[in-house]
Amino acid sequence: MSVFGIVLFLLIFGMAFWMLLFLMGFVLPFWITLGVFEKLRPKRIFEEAEEH
């Protein structure tokens, strides 16, 4: 039963490790890039007021 616990721990640790690797390698840069583009995009307050 002890071997089953060790294998289960390593399995969960492995899944968490790959999930963190995916988040740090893809999701975080993607999120930062979207935030930068959102800040750089000019606000369109006047165009929205003219459409109504």
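Placed above this text is the structure.
Because the structure is predicted, anything quoted here is derived from the model rather than measured.

Visitor: Break down the overall build of the chain for me, with residues and values.
Guide: Across its full length, the chain holds two helices and zero strands. Here the chain, with 52 residues, has 0% of them falling under the buried criterion.

Visitor: Quick one: what's the story with the pattern of salt bridges, residue by residue and with numbers?
Guide: The full count for this structure, using the stated rule, is one salt bridge. Glu38 is paired through a salt bridge with Arg41; the nearest N and O atoms lie 3.2 Å apart.

Visitor: Give a detailed account of helix 1 (residues 2–40), specifying residues and quantitative values.
Guide: Taking 1.5 Å per residue as the helical rise, helix 1 with its 39 residues ought to reach 57 Å, and the 55 Å between its terminal C-alpha atoms agrees with that figure. When the local axis directions of helix 1 are compared, the greatest deviation, roughly 40 degrees, occurs at Leu23.

Visitor: Tell me about the packing of aromatic side chains, and name the residues and values.
Guide: In this description, an aromatic ring pair is defined by two values, namely the gap between the centres and the angle between the planes. Following the criterion strictly, the structure yields four aromatic pairs and no others. Taking 6.2 Å as the distance between ring centres and 20 degrees as the angle between the ring planes, the aromatic pair formed by Phe9 and Phe13 counts as stacked. Residue Phe9 and its partner Phe13 are located together in helix 1, separated by four residues, close to a single helical turn. Here Phe9 falls in the exposed class, since its relative accessible area comes to 54%. Of the residues examined, Phe13 reaches a relative accessible area of 52% and is grouped as exposed.

Visitor: Provide a residue-level description of the environment of Glu38, including the pertinent values.
Guide: The topology assignment puts Glu38 in helix 1. On the accessibility criterion, Glu38 (43% relative accessible area) is partly exposed. A polar contact of 3.2 Å, which involves the side chain of Glu38, links it to the side chain of Arg41.

Conventions and cut-offs
Residues numbered from 1 in each chain as written. Predicted model: local features only at pLDDT ≥ 70, side-chain atom pairs only at ≥ 80, totals over all residues. Heavy atoms only, no water. Helix = DSSP H or I, 4+ residues; strand = E, 2+ residues; numbered from the N terminus. Buried < 20%, exposed > 50% of the residue type's maximum accessible area, 1.4 Å probe, protein only. Salt bridge = Lys/Arg side-chain N within 4 Å of Asp/Glu carboxyl O. Expected span 1.5 Å × (residues − 1). Bend = angle between axes of the 7 residues up to and from the residue. Phe/Tyr/Trp six-rings, centres within 6.5 Å; stacked < 30°, edge-to-face > 60°. Polar contact = N/O pair within 3.5 Å; in protein donor to acceptor, adjacent residues only side chain to side chain.

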